[in-house]
Amino acid sequence: MNILMKVPCLIAFIFICFKGVVCEICGNLYYSQPAFKGRNVTISFKPFKFSATQTPTIFYTNAAVIRWIAVPSNVYMYNATLGVFTTVYPNIPNSGHLYAVYGDCSSQSIRLDLQVGCGDIYLRTPNPVLGKKVEIVYYPSPAVVGLTGEYTREWYNESSRSLMTLTDGLLTEEKVHNEEFVLTMYNSTRWTTGNYSVKCTKNNTYSLHTERVFVQVTVKPEVPVLNVPILREGSPANITCISREGRPATNLILWLDGVNYSGDHIKTYDNSTRTYTTILTFNSPARKDWNRKFVSCVSSSPLFETATQQKTINCKYPPSKLTMDAPSIPSYLQDSYTLKFSCLTDTYNDNCLISWTKDGQLLNANGEVTNKIHDSAVMEFAVISKENNSQTITCSVNCSNFDVQLSKSHTLQIPSSTQKTYETPNESKDTSLTNSNDIPMVWIVIGLSVIIAAVIISTVIVLARKRFLKKNQHANSSEPQPVQHSNVQENETVGMNEEVTYAQVNKIRTNRTETVEPKTKEGSDTNLVYADIDIEHLETASKPPSRQRPPSPTEYADVDFIRTKRGSKSDNIIT
């Protein structure tokens, strides 16, 4: 009664709003899908602001009804969590419009579309998992509910194009509230995936079905398989990661040394297993710095936890540098020489060896190859002579998996009688080691050293001799000796009883005492008279000593000494 009394007022209120008077909007109105003609429809109203004293009123109209009529329901359920009022409009005859009034405000008018046919079907289980149960809900139309005329209700497998037979424990149907039917498939498998519908007419020729619902049973993929072959520097890596038998298809990510190298995925579907296989391939050129680094493949799916597979990279690489250490041949002549050559490489990990050739002829190294990291190989030539002059020694690198173009050569220069220098081929000559006449500087240095040493030794000898003579002269001057001055003439003798004749002696650049030993005639019995001339004494004495001489006349003779070591016949003094 109360509802009928309020209807004219509400109609007037709505009429005013439709005439242009602005009405306050205070909530939203909507209904549950699917909605079928002749079936109950759930209508919900959510006010913007809840009032404990207010209850909404919902009105319905269609083309056959001229006026708005209140929905014949006195029950409005309120969900405090959602803040929504809910009511059920039973057996709505046709499509139309709905409108809600809440106190002094209202909602907007919404369109109500009712479906006809068999009804509606939908999947209740959101993400079916392998081995779990799957539920499908059928919401039939009124004709199907009453099974009038040609109407029926049969579950249909669209994938296999066959009717489904209900079996306890495997496939069951249950009727729930509001005339809904639930189909349950237990212990789902990969083959449960497919399209399903409900056949609602008996005529097989023109059968009527609901819309199809697709059921996809998710399958946990296997642990990804990471294939990492032995890499070669510069060649495609060809690293693959494969994830098999997953549904839905998984996504793969490849990590190498902390860097994401993921590329394009290839996803294939296997009809026999109804699962997907995902393949990720990494084909960038391999680098030697990847060696011993970790590569990981991560498999991810929105329905399952991630899985990771990790391996260590083995990347082979050859040496990139080669150096030769050639010996220095002495410049002096020998009958033979022993020469030791060595070749050094940088790091590598491939199976590589250093080979030696002499004028293109392959040789074997006396020494063994050592550790491959910072490897060295040594070749020793025990007997090298001038016959080996101009021969070329070459070391080169040979690897099992690489075509390496690394080699070093050295040309022998053996000294000969006409060759005194040693030059290294392909190297500039050091002109600082020779003079303009191409004489080695070492010989010039040796000659100068010998000359300087001789001068020093001579100087030391002369100084020592002078010092020795000076000591002897001082010793002789300290003893009193009679001084005899006489003129000595060859073939004459001077008697001891004769008077002594003094001679004036002038010294010319002499520095030591000269002793004149006059000769005597053979067979003479007279004694020899020696004239001892003390030159140092003559230099220090300003005058000859004055002596009492007899009144006999004195005769003087000049004697010149010109730096002679010993007196000769021509130097004798004749008085």
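Residues numbered from 1 in each chain as written. Predicted model: local features only at pLDDT ≥ 70, side-chain atom pairs only at ≥ 80, totals over all residues. Heavy atoms only, no water.

## Focus on the state of the cysteines
Part 1 of the argument: Enumeration according to the criterion identifies five disulfides in this entry.
Part 2 of the argument: Covalent S-S linkage joins cysteine 241 and cysteine 297, the inter-sulfur distance amounting to 1.7 Å. Here the disulfide of cysteine 241 and cysteine 297 is left-handed, its torsion about the S-S bond being about -85 degrees. Here cysteine 241 is found in strand 20 (residues 239–246), whereas its partner cysteine 297 is found in strand 25 (residues 294–301), with 56 residues between them in sequence. Of the two residues, cysteine 241 and cysteine 297, both sit in the buried class.
Part 3 of the argument: Here cysteine 352 pairs with cysteine 399 through a disulfide, and the sulfurs are 2.0 Å apart. Residues cysteine 352 and cysteine 399 share a disulfide whose torsion about the S-S bond is about 110 degrees; that sign makes it right-handed. Within this pair, whereas cysteine 352 is found in strand 30 (residues 352–358), its partner cysteine 399 is found in strand 33 (residues 392–399), the two being separated by 47 residues in sequence. Grouping residues by exposure puts cysteine 352 and cysteine 399 together as buried. (Disulfide = S-S within 2.5 Å. Helix = DSSP H or I, 4+ residues; strand = E, 2+ residues; numbered from the N terminus. Buried < 20%, exposed > 50% of the residue type's maximum accessible area, 1.4 Å probe, protein only.)

## A short note on the side chain of threonine 394
Part 1 of the argument: Note on placement: threonine 394 falls in strand 33.
Part 2 of the argument: Side chain to side chain, threonine 394 and serine 409 meet in a polar contact 2.9 Å long. (Polar contact = N/O pair within 3.5 Å; in protein donor to acceptor, adjacent residues only side chain to side chain.)

## Re the pattern of salt bridges
Part 1 of the argument: If you walk through the whole model with that rule in mind, you get ten salt bridges.
Part 2 of the argument: Measuring nitrogen to oxygen at the nearest pair gives 3.6 Å for the salt bridge that ties glutamate 135 to arginine 124. You can see glutamate 135 sitting in strand 11 (residues 134–140) and its partner arginine 124 sitting in the loop between strand 10 (119–123) and strand 11, a full eleven residues away along the chain.
Part 3 of the argument: Residue classification places arginine 124 among the partly exposed positions, given a relative accessible area of 38%.
Part 4 of the argument: Between glutamate 245 and arginine 190 there is a salt bridge, and its shortest N-O distance comes to 3.1 Å. Placement of the pair is glutamate 245 in strand 20 and arginine 190 in the loop between strand 15 (180–185) and strand 16 (194–201), with a sequence separation of 55 residues.
Part 5 of the argument: A cluster of three or more residues bridged by salt bridges with shared partners is formed by Arg124, Lys133 and Glu135. (Salt bridge = Lys/Arg side-chain N within 4 Å of Asp/Glu carboxyl O.)

## Quick notes on the nonpolar core
Part 1 of the argument: Counting residues in hydrophobic clusters, the biggest one holds 24 residues, and the most contacted among them are Leu339, Phe341, Trp356, Ile384, Val397 and Leu412.
Part 2 of the argument: Elements with a minimum of two residues in this core: strand 29 (337–345), strand 30, strand 32 (376–384) and strand 33.
Part 3 of the argument: Setting aside residues no more than four positions away along its own chain, phenylalanine 341 makes contact with Met324, Asp325, Ala326, Pro327, Trp356, Ala377, Val378, Met379, Phe381, Ile393, His410 and Leu412.
Part 4 of the argument: Grouped together as the second largest cluster of nonpolar side chains are 21 residues, Leu29, Ile58, Ile92 and Leu112 included. (Core = buried A, V, L, I, M, F, W, Y, C linked by side-chain atoms within 4.5 Å. Contact = heavy atoms within 4.5 Å.)

## A short note on the packing of aromatic side chains
Part 1 of the argument: Using the criterion set out here, one finds twelve aromatic pairs in the structure.
Part 2 of the argument: Look at phenylalanine 50 and phenylalanine 85: their rings are 6.0 Å apart centre to centre, the planes differ by 25 degrees, and that puts the pair in the stacked class. Highlighted residues: phenylalanine 50 in the loop between strand 2 (41–47) and strand 3 (57–61) and phenylalanine 85 in strand 6 (residues 84–89), separated in sequence by 35 residues.
Part 3 of the argument: Judged by its relative accessible area of 44%, phenylalanine 50 is partly exposed.
Part 4 of the argument: One aromatic cluster is present, built from ring pairs that chain together Phe45, Phe50, Tyr78, Phe85 and Tyr102.
Part 5 of the argument: Sitting over the ring of phenylalanine 181, arginine 153 keeps its end group 3.9 Å from the ring centre. (Phe/Tyr/Trp six-rings, centres within 6.5 Å; stacked < 30°, edge-to-face > 60°. Lys NZ or Arg CZ within 6 Å of the ring centre and 35° of its normal.)

## Some details on the sheet that holds strand 1 (residues 27–31)
Part 1 of the argument: With antiparallel pairing, four strands are arranged side by side in an open sheet as 1-2-6-5. With partners counted over all chains shown, the strands left at the sheet margins are strand 1 and strand 5 (77–79), one partner each. Recorded for the sheet is a direction-independent mean angle of 25 degrees between the axes of neighbouring strands.
Part 2 of the argument: Here strand 2 runs beside strand 6; their pairing, made up of five bridges, is antiparallel. The residue bridging valine 41 from the neighbouring strand is tyrosine 89, located in strand 6. (Pairing = 2+ DSSP bridges. Axes fitted to C-alpha atoms, helices over the stretch in contact; angles between N-to-C directions.)

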